[in-house]
Structures are given as C-alpha cells and as structure tokens.
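A closer look at the structure
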Amino acid sequence: SDIDPRNPGGGLQTLKWGEFDKQKRVLDVQVFGGSRGAPGSAGVWTTQVSCMQACLANTSRLCNLTYRYRFTPDWRTAEVGLRVNCCCICSPCCPAFCDLPPF
C-alpha cells in the first residue's frame, strides 16, 4: 500500500477499556498499557509500528502514559490531556499522576 510512514493515518484508539468517573466527567485511558489500568487496557492504540515507535511505546508503558479526557458539562466535547508517572524506569508500578503541559 502507499502509506506514508511519517503520517500513517487510520490510527485507532478505543475508549472501551478506560476508567470513567461520571461525577467528574473524566475518562482515563492507558495508551500502551502499564500498571493499574482498567481490565483489558493493555495496548488500546493501534497503528503501523516502526522501530522508533516500538521503543517509545515501551517507554510510555513504563511511564504509564495515559490520556485523560475531560468532558464538558453538555458531554459534547472533551479536552484530551496526557498524564505520566514521572518515575519511569525507577518505579513503573506507580499510576500516572502528573499532568503534562499541552504542546
């Protein structure tokens, strides 16, 4: 196929296996699995993989990279933020607790 490896498109992330708090209107989804995720949350992101992406995926798993969706009161839109556990390799069992600034 004629897929550009720098922009593969067609990536998919399911929100089925996230941790949802209806009162706070927040959904946390671990992108590449990790510690303390919702059941079945290991590897919910799918796209074509290069060697560099595989290395980044493993680092993300150690850091418990998590997408945090904050829904508006009318449930029509959401802000998507990133969370990690800043401990990375030292303590990969810690849940994601640190919000990364938008970039």
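Data block above holds the structure.
This structure is a prediction, so every number in the text was calculated from the model and none was measured.

Observations regarding the overall build of the protein
Secondary structure assignment for the protein yields 1 helix and 7 strands. When the helices and strands of the protein are read in sequence order from the N terminus, they spell out β-β-β-β-α-β-β-β. Relative to its full complement of 103 residues, the protein shows a buried share of 27%. By sequence separation, contacts in the protein at least 24 residues apart represent 46% of the contacts at least 6 residues apart.

Brief notes about the side chain of Arg-68
By the element assignment, Arg-68 lies in strand 5 (residues 66–71). Among the polar contacts listed, one links the side chain of Arg-68 to the side chain of Asp-28, at a separation of 2.6 Å. If near-sequence neighbours (up to four positions away) are discounted, Arg-68 is found in contact with Val-26, Leu-27, Asp-28, Glu-79, Val-80, Gly-81 and Arg-83.

Here we look at the nonpolar core
Counting residues in hydrophobic clusters, the biggest one holds 11 residues: Leu-27, Val-29, Val-31, Phe-32, Ala-57, Cys-63, Leu-65, Tyr-67, Tyr-69, Leu-82 and Val-84. Of all the secondary structure elements, the ones that give two or more residues to this core are strand 3 (26–30), strand 5 and strand 6 (78–84). In contact with Val-84, other than residues within four places in its own chain, are Cys-63, Asn-64, Leu-65, Ala-96, Phe-97, Cys-98 and Leu-100.

Calculation rules
Residues numbered from 1 in each chain as written. Predicted model: local features only at pLDDT ≥ 70, side-chain atom pairs only at ≥ 80, totals over all residues. Heavy atoms only, no water. Helix = DSSP H or I, 4+ residues; strand = E, 2+ residues; numbered from the N terminus. Buried < 20%, exposed > 50% of the residue type's maximum accessible area, 1.4 Å probe, protein only. Contact = heavy atoms within 4.5 Å. Polar contact = N/O pair within 3.5 Å; in protein donor to acceptor, adjacent residues only side chain to side chain. Core = buried A, V, L, I, M, F, W, Y, C linked by side-chain atoms within 4.5 Å.

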